[in-house]
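Given next are the chains, with one letter for each unit.
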Amino acid sequence: MSIILIMIPASLLLGLFFLGAFIWATKEGQFDDLVTPQYEILIEDKQIKDVKHE
């Protein structure tokens, strides 16, 4: 029974940590461009540099 008193707060802290990491990543723009990365392998290197500087 005493393990529950340890595991519930630990799981809440872990959940809050991941929620904070998600909010931080969202504010930093981690999820802004979800389309371009999947096509970068098909584009020549010079074109990628041009696209990233726009």
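Conventions used here
Residues numbered from 1 in each chain as written. Predicted model: local features only at pLDDT ≥ 70, side-chain atom pairs only at ≥ 80, totals over all residues. Heavy atoms only, no water. Helix = DSSP H or I, 4+ residues; strand = E, 2+ residues; numbered from the N terminus. Buried < 20%, exposed > 50% of the residue type's maximum accessible area, 1.4 Å probe, protein only. Areas by Shrake-Rupley, 256 points an atom, 1.4 Å probe, with all protein chains shown as cover. Phe/Tyr/Trp six-rings, centres within 6.5 Å; stacked < 30°, edge-to-face > 60°. Polar contact = N/O pair within 3.5 Å; in protein donor to acceptor, adjacent residues only side chain to side chain.

Caption draft 1: Spatial organisation of the overall build of the protein chain. The helix and strand tally for the protein chain stands at 2 helices and 0 strands. Taking all 54 residues of the protein chain together, the buried fraction comes to 4%. About 5400 Å² of surface is accessible on the protein chain, with carbon and sulfur atoms providing 68% of the total.

Caption draft 2: Quick peek at the packing of aromatic side chains. By the definition in use, this model includes 2 aromatic pairs. Between Phe 17 and Phe 18, the ring centres sit 5.4 Å apart and the planes meet at 70°, which makes this aromatic pair edge-to-face. The interplanar angle of 35° and the centroid separation of 5.8 Å between the aromatic rings of Phe 22 and Phe 31 together place this pair among those described as tilted. The partly exposed category is assigned to Phe 22, whose relative accessible area is 48%.

Caption draft 3: Representation of the environment of Ser 11 in the model. Looking at where Ser 11 falls in the secondary structure, it is placed in helix α1 (residues 2-27). Assessed through its relative accessible area of 43%, Ser 11 is described here as partly exposed. A polar atom in the side chain of Ser 11 sits 2.9 Å from the backbone oxygen of Ile 8.

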